[in-house]
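Residues per chain are reported as follows:
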Amino acid sequence: MKGLLSYSGLTTKIRAMQGHLLNDRNFREIVELPDVPSAVSYLKQQPSYAELFQGLEETELHRGQIEQLLHLAVYRDFSKLYRFSNLEQRKFLSSYFKRYEVAILKECLNKIFDHRDVSLNLSIYQDFFNRHSQLDLALVTSSSSPEELISNLKGTEYYDPLMHLGTIEHPTLFDYEMTLDLYYFCHLWKQREKIARKKDLEELTKAWGSKFDMLNLQWIYRSKQYYHMTAADIYALIIPVHYRLSQAEVQALVKAEDMEAFRQLIGKTYYAKHFEAFSAETMEAMYAQIMKHILSTASRSNPYSLATVYSYLYHKDHEINRLIIALECVRYSISPDEAMQYVAKT
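Predicted model, so just to flag it, every value in this text is computed and none were measured.

Novice: Before we go on, may I ask you to explain the overall build of the protein in this structure?
Specialist: Within the protein one finds 19 helices and 0 strands. Taken against the 2.2 N^0.38 rule, which gives 20 Å for 346 residues, the C-alpha radius of gyration of the protein at 21 Å falls within 12% of a compact globule. Expressed along its principal axes, the backbone C-alpha trace of the protein runs to roughly 60 × 55 × 45 Å. Expressed as a percentage of the 346 residues in the protein, the buried residues total 49%. Restricting the contact set of the protein to residue pairs at least 6 apart, pairs at least 24 apart contribute 64%. Summing over all exposed atoms, the protein offers an accessible surface of approximately 17,200 Å²; the carbon and sulfur share of this is 50%.

In structure tokens, the structure reads:
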């Protein structure tokens, strides 16, 4: 009863917002449109995006502006859930929020390493970050080098992890992004017992544990298949979490002599045994499908829980990623059938 009462208002809000999520039919209609302005016009008719695009001329919006508006839709939904949440639920949302901070820092790093204009204009997010973030958005987006960015992060939790890269000679963009990802994932795993209890804790452990397992499998696969990295270098990329994959299984995968041995080991994992068609070649495409299954099942089984909150935010983030892919397909006149294949894999 306590759980029902504490989640009733929030769950009602989420159900209303879920009704505005796009479905496969919507995405099919988008990729069948002749150009991006037509796609933006379509989004103007959707409840989740109508207000964001209101008053803006479709033909005058460039790619970067459209993507910023789409990400702002996620931030606005997050803020709505935050307002409806109690103190306990806000602990979870505050931890989840760090994914948005990491995304902003990655965008700053990409601009720096691409040697483009590094004075990013992210003022569209200013109000949101003022309310929820420890980052000085104007300061970090003005950084012109990795060293300046790190200096501008002094006093935040991201300063120490990135400073440790000083021990590496000529760290790459990949090094910086992996450091941020590993920090964020480890933070979630360590904090879960502080932000959730009983059934909520069980569901978050399952969702995050499965996510980290599958990300580790993907990173090991890519490292061996495409980059031929040493075992020591691969271990540096692995999230130090073992859920359905034991430490011994991870070690065996990292040390597999060749890709055929790797494939055989994948076939013995929990994920290959519980999800049909899961293999070395399919696991990247199946990642989103498996996470959707885990979260949707947990949300249906326990609608008055953190699983419902996490499930909605995951699906909204996923929707934005799919929209960006769909718009790119429209931009480059990719056939609707092929475009839907890209959307489905996202």
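Novice: Whenever I open this one, the side chain of Glu101 confuses me. Can you help?
Specialist: Looking at where Glu101 falls in the secondary structure, it is placed in helix α6 (residues 87–113). Within the buried core, Glu101 has no salt-bridge partner, and the shortest N-O distance to an opposite charge, that of Lys98, equals 4.5 Å. Separated by 3.2 Å, the side chain of Glu101 and the backbone nitrogen of Gln134 make a polar contact. Beyond its immediate chain neighbours, meaning those up to four positions away, Glu101 contacts Phe129, Ser133, Gln134, Leu135 and Tyr158.

Novice: Even after reading the chapter, I still don't get the packing of helix α2 (residues 24–31) against helix α3 (residues 36–44), so can you show me in this structure?
Specialist: If you want to describe how two helices pack, look at the angle between their axes and the distance between the axes. Their axes nearest at 9 Å, the elements α2 and α3 cross at an angle of 150°. Here α2 is positioned roughly antiparallel relative to α3, judged by the angle of their axes. For the pair α2 and α3, the contacting residues are Asn26, Glu29 and Ile30 in the first and Ala39, Tyr42 and Leu43 in the second. Partitioning the contact of α2 with α3 into residue classes produces 4 nonpolar, 1 polar and 1 charged.

Novice: Even after reading the chapter, I still don't get the nonpolar core, so can you show me in this structure?
Specialist: Side chains of a nonpolar character, in soluble globular proteins, are inclined to be buried together. Formed by 114 residues in total, the largest nonpolar core has its most connected members in Phe92 and Phe278. Examining the composition of this core, we find that 13 residues originate from one element, helix α18 (residues 306–331), more than from any other. Contacts of Phe92, omitting those with residues within four sequence positions, involve Ile195, Leu204, Trp208, Leu306, Val309, Tyr310 and Leu313.

Rules and cut-offs
Residues numbered from 1 in each chain as written. Predicted model: local features only at pLDDT ≥ 70, side-chain atom pairs only at ≥ 80, totals over all residues. Heavy atoms only, no water. Helix = DSSP H or I, 4+ residues; strand = E, 2+ residues; numbered from the N terminus. Rg over C-alpha atoms; globule rule 2.2 N^0.38 Å. Buried < 20%, exposed > 50% of the residue type's maximum accessible area, 1.4 Å probe, protein only. Contact = heavy atoms within 4.5 Å. Areas by Shrake-Rupley, 256 points an atom, 1.4 Å probe, with all protein chains shown as cover. Lys, Arg positive; Asp, Glu negative; His and termini not counted. Salt bridge = Lys/Arg side-chain N within 4 Å of Asp/Glu carboxyl O. Polar contact = N/O pair within 3.5 Å; in protein donor to acceptor, adjacent residues only side chain to side chain. Axes fitted to C-alpha atoms, helices over the stretch in contact; angles between N-to-C directions. Parallel < 35°, antiparallel > 145°, perpendicular 65-115°, else oblique. Nonpolar A, V, L, I, M, F, W, Y, C, P; charged D, E, K, R; others polar. Core = buried A, V, L, I, M, F, W, Y, C linked by side-chain atoms within 4.5 Å.

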